[in-house]
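Residue-level structure breakdown
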Amino acid sequence: MSTLNTPAGAPPAPRRTPVRPARVLLHVFLAGTALAWLAPLLWAVFSALRPYGETSAKGYVSWPDTLTLDNFTNAFEQSDMLHYFGNTLLIAVPAVLLTLFLSSMVAFYVSRFDFRLNLALLLVFTAGNLLPQQVIITPLYRMYLLTDLPGITASGKLYDSALGLVLIHVAFQSGFCAFVLSNYMRSLPHELTEAALVDGASAWRLYWQITLPLCKPAMAALATLLSIWIYNDFFWALVLISTGENMPITSALNNLSGQYFTDPNLVAAGALLTAIPTLAVYFLLQRQFVSGLTLGSAKG
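Residues numbered from 1 in each chain as written. Predicted model: local features only at pLDDT ≥ 70, side-chain atom pairs only at ≥ 80, totals over all residues. Heavy atoms only, no water.

**Thoughts on the packing of helix α8 (residues 190-198) against helix α9 (residues 203-214)**
Running from amino to carboxyl end, α8 crosses α9 at an angle of 160°, the nearest separation of the two axes being 11 Å. Judged on the interaxial angle alone, α9 and α8 are roughly antiparallel. Of the two elements, α8 crosses α9, and the hand of that crossing is right-handed. When α8 is examined against α9, the residues L192, T193, A196 and L197 are found in contact with a partner set consisting of L206, I210, T211 and L214. The residue inventory of the contact of α8 with α9, partitioned by class, reads six nonpolar, two polar and no charged. (Axes fitted to C-alpha atoms, helices over the stretch in contact; angles between N-to-C directions. Helix = DSSP H or I, 4+ residues; strand = E, 2+ residues; numbered from the N terminus. Parallel < 35°, antiparallel > 145°, perpendicular 65-115°, else oblique. Left-handed = near helix turned anticlockwise from the far one by under 90°. Contact = heavy atoms within 4.5 Å. Nonpolar A, V, L, I, M, F, W, Y, C, P; charged D, E, K, R; others polar.)

**What about a nonpolar patch on the surface?**
On the surface, L98, F101, L102, M105, W204 and W208 cluster together to form a nonpolar patch covering roughly 550 Å² of accessible area. Counting residues per element, the ones that place at least two in the nonpolar patch are α4 (81-112) and α9. Ranked by the residues each element gives to the nonpolar patch, the list is headed by α4, at four residues. Its place among the elements puts W208 in helix α9. (Patch = residues over 30% accessible without salt bridge, like charges linked within 9 Å, V, L, I, M, F, W, Y side chains within 5 Å. Areas by Shrake-Rupley, 256 points an atom, 1.4 Å probe, with all protein chains shown as cover. Salt bridge = Lys/Arg side-chain N within 4 Å of Asp/Glu carboxyl O.)

**Description of the packing of aromatic side chains**
For the coordinates displayed, the defined rule picks out twelve aromatic pairs. When the centroid spacing of 5.8 Å and the interplanar angle of 35° are considered together, the rings of Y109 and F113 count as tilted. With a relative accessible area of 41%, Y109 lands in the partly exposed category. Between the aromatic rings of F172 and W236, the centroid separation amounts to 5.4 Å while the plane-to-plane angle is 45°, which identifies the pairing as tilted. In this pair, F172 is assigned in helix α7 (residues 162-186) and W236 in helix α11 (residues 235-240), connecting sequence segments 64 residues apart. In this structure F172 comes out as buried when scored by relative accessible area, which is 11%. Taking relative accessible area as the criterion, W236 reaches 1% and is therefore assigned buried. (Phe/Tyr/Trp six-rings, centres within 6.5 Å; stacked < 30°, edge-to-face > 60°. Buried < 20%, exposed > 50% of the residue type's maximum accessible area, 1.4 Å probe, protein only.)

**Observations regarding the layout of surface pockets**
Put simply, the largest pocket is a space of about 230 Å³. Taken together, 15 residues line the largest pocket, and the ones lying closest to its centre are L89, A92, V93, S227 and V281. Looking at the lining of the largest pocket element by element, the count peaks at eight residues for α4. Its residues placed into classes, the lining of the largest pocket shows twelve nonpolar, three polar and no charged. (1 Å grid on protein atoms, 1.4 Å probe; cavity = no way out; pocket = protein on both sides within 12 Å on 5 of 7 lines; lining within 4 Å. Points joined across faces, edges and corners; volume = space filled by probe spheres on them.)

**Quick word on unusual backbone geometry**
The phi dihedral of D80 falls on the positive side, at around 50°, and the residue is not glycine. Positionally, D80 belongs in the loop between α3 (70-78) and α4.

**Regarding the confidence of the model for the chain**
Mean pLDDT over the chain works out to 84, with 90% of the residues at or above the 70 mark. When mean pLDDT is taken per element in the chain, α4 scores highest with 92 and helix α13 (residues 286-294) scores lowest with 68. (pLDDT = per-residue confidence, 0-100.)

**A closer look at the nonpolar core**
The biggest cluster of nonpolar side chains holds 55 residues, and the ones touching the most others in it are L100, Y144, L165, I168, W236 and I249. If one sorts the elements of this core by residue count, α4 sits on top with ten residues. Residues within four places of L165 in sequence aside, it is in contact with I91, W236, A237, L240 and I241. (Core = buried A, V, L, I, M, F, W, Y, C linked by side-chain atoms within 4.5 Å.)

**Some details on empty space enclosed by the protein**
One pass over the structure, following the stated rule, counts one cavity of 30 Å³ or more. The space that makes up the largest cavity amounts to roughly 60 Å³. In terms of lining, the largest cavity is formed by T88, I91, A92, L165, H169, I230, Y231, D233, A237, P248 and T250. Broken down by element, the residue count for the lining of the largest cavity peaks at three residues, all from α4. Grouping the constituent residues of the lining of the largest cavity by class yields seven nonpolar, three polar and one charged.

Given below as structure tokens:
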């Protein structure tokens, strides 16, 4: 008995994979988790677009009558956000660059050279991330007050200066970056550096011209993480900065809170504005961020 066949030379029709209940449950779970993570952000956007008088009269869980961008404009002007953006750039950019430069040098040394204290040196750098910040805040605060820097900082001390925040961020983030970069550099073929050594290349040339260009994906991933962490920091700025004009962007939201009244819609708009630079950094470096976290993961 003959059956209907596909024409000669035509590709066979793809077989449909049956939908499994476990896969349906997985997609439902992932969609619910994504919605749970996005719900606070979406609610903040919804609140920022509504006037406070409307939400005060009808409640936040109500259908909006008016959607406006006035809260964003008022938040940007009242908090002097542009000034605080400049303060944050003055802290974040040098801190990220210095952290990547210093940690990459440590990672290169412990990953490309064999010596007796190789692992111990890496553990010393990594151990700094295991120490809670709150434990050292008192001695660090005293040390910053006693460190005089006349003519270098506006305050004349390490305390209440952008330099002090840059140094503390470099100190705390270098251990994690050195650990990640050392693992990444170990995945690079040793034949590259061995051939360069035979040709008479110096250790600096091995690091700067051969190894570092190959670490661009990992460096981009770490630059993304460092930018977000340092940009969102409020703890160190609160402790080590006393002058309000020197505070970073995270403190600008304090200018939106009054002594007797706080407009939560205005604060929500300000919080969303402060999040824009970190989102821009992530989306610009998204591909490098993902590839930097996955490349070299199969080798140790």
